[in-house]
Amino acid sequence: MVQDDFIIAEMQSLSVEGSGRTRSAIVPRAAQGEGFKEAYDWTTLWYDALADGRHLRLICPKLLNFRTFFVDGALKIDGQPARIRRTSRHRRHDIVELDLPDGAERVSTRTGRWQGESGISPMQTAHFAGLNASLHISRNNRLDWIEDWARFHIAEHGLEAMLLMDNASDAYPPEAILDTMARAGLKRGVVLKVPQSYGPVRSKTGGGGAKFLQPAMLNHARLRFLSRARAVLNADIDEIVWSRDGSVFDAAVESPLGLVAFEGNWTSPPMRSQPPFRHADHLHPEVGVGPCPTKYCIRPDGWRRHLSWDVHRPSLPLPMRLLKRSDFGYWHCRAITTNWKNYDRLQPRRSTEADPFAAETFARLLPQ
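To keep things clear, this report deals only with the structure shown in the data block.

Rules used throughout
The written sequence of each chain sets the order in which its residues are numbered from 1. Given that this is a predicted model, residues contribute local features only at a pLDDT of at least 70 and side-chain atom pairs are listed and counted only at 80 or more, while totals for whole chains, interfaces and linings are drawn from all residues. Note: side-chain values were computed over all heavy atoms of the structure, leaving out hydrogens and water. Salt-bridge detection follows one rule: a side-chain nitrogen of Lys or Arg within 4 Å of a carboxyl oxygen of Asp or Glu. Strands are runs of DSSP state E lasting at least two residues, helices are runs of H or I lasting at least four, and both sets are numbered from the N terminus onward. Think of it in three bands: with a 1.4 Å probe and only protein chains considered, a residue is buried below 20% of the maximum accessible area for its type, exposed above 50%, and partly exposed in between. Between any two strands, pairing holds if DSSP finds at least two bridges. Axes here refer to lines fitted to C-alpha atoms; in helices the fit is confined to the stretch in contact. Angles between the N-to-C directions go from 0 to 180 degrees. Angle categories: roughly parallel below 35 degrees, roughly antiparallel above 145, roughly perpendicular from 65 to 115, and oblique for all the rest. Left-handed is the label given to a crossing in which the near helix is rotated counterclockwise from the far helix by less than a right angle, and right-handed is the label when the rotation is clockwise. Whether two residues are in contact is decided by their heavy atoms, any of which lying within 4.5 Å being enough.

Thoughts on the pattern of salt bridges
Inspection of every chain in the model, using the stated rule, returns 32 salt bridges. Across the salt bridge formed by D310 and R92, the nearest N and O atoms sit 3.1 Å from each other. Taken as a pair, D310 in the loop between β20 (292–298) and β21 (328–333) and R92 in the loop between β8 (84–89) and β9 (93–99) lie far apart in primary sequence, 218 residues in all. Accessibility assignment for this pair places D310 and R92 in one class, buried. A salt bridge links D170 to R139; the shortest N-O distance between them is 3.8 Å. Residue D170 is located in the loop between β14 (161–166) and α3 (174–184), and its partner R139 is located in the loop between β13 (132–138) and α2 (143–157); the two are separated by 31 residues in the primary sequence. Relative accessible area serves as the criterion here: at 61%, D170 is assigned to the exposed category. Relative accessible area serves as the criterion here: at 39%, R139 is assigned to the partly exposed category. Three or more residues joined by partner-sharing salt bridges are found here, namely D52, R57, R83, R85, R86, E97 and D99.

What to know about the sheet that holds strand β10 (residues 106–111)
Across the sheet, four strands lie side by side as β7-β6-β10-β11; this open sheet has antiparallel pairing. Strands at the two margins of the open sheet, each flanked by one partner only, are β7 (80–81) and β11 (114–119). In terms of strand pairing, strand β6 (residues 76–77) meets β7 through two bridges, oriented antiparallel. Of the residues in β7, the one forming a bridge with K76 is P81.

Observations regarding the packing of α2 against α3
Where α2 contacts α3, the two axes come as close as 9 Å, and the packing angle between them is 30°. Classified by the angle between their axes, α2 and α3 sit roughly parallel to one another. Judged by the sense of rotation from one axis to the other, the crossing of α2 with α3 is right-handed. Between α2 and α3, the contacting residues are L143, I146, E147, A150, R151 and I154 on the first element and A176, I177, T180, R183 and A184 on the second.

Structure below.
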């Protein structure tokens, strides 16, 4: 492993702990599911402060009542009043943009007697420039799962680099992930340490909108690391992207919109099989369930550099069904999970017959 090619990155975050303030709950009390109070992000003000030329971007959860920390006079850069250029408001995150003086090192804000500050992170777009890259958020996913995911997509699609945002894994250190990336055959890799709360699992009454971290981190990754990549695949470690005709990265580059969207299907290992499971065990389509939401591969250059990214789509004013391709899709592997959503309670119905296409593809790319 070449050390400069595989790096660990950190964020310059700010929490309002100690201020006596907490973020208001975006979900009504009646819709807050079990564990909401423990999982909700009550205190993060910004995840990172990014120096982008003459601008400083603060990547934030939804500001809600925390907007008072961003009023004129509250924000300072190296002790001097900062001018807010604009605030971009999105469904589950906000980005505050400031003018950035040359050589700036610290950004701060205050309310009442409380003051907090953070450092400023550099842009690192050169690390992924010109490469086919994938983007993930992960907590304690097994290292063999990460390696298998990378190996599959290197062989099938020409994946070259991976950005894994590690959400406070305690099963191994970040260095172990970098070793796994290198062993899989990637050219470049970054593990970004993301210690903040992921957010509450969606309740039956619709509490999923309280998960700020993932959409904010997708756009943090877009700005700080991936804006010069050749193309970026947004898929989770339990989602294997199949193809019936070439590379998904090439398809995104060749697309008039610079975007390929595709849907997935749940798959499971055979009945009565025993863990530990790997992706290649997931040969049996589940029945009685609809397709999984779209994922996508996108060129981040040109006019697309202004698009915000979310979990299942970028911020295009077009229905994803109009962009969906049938020559790509993904297998959503049921048993590739740390059980954070209580998947072990499910007893999915699955076909007794293995999917021949999945069997052939896994045998070719991930032979047991």
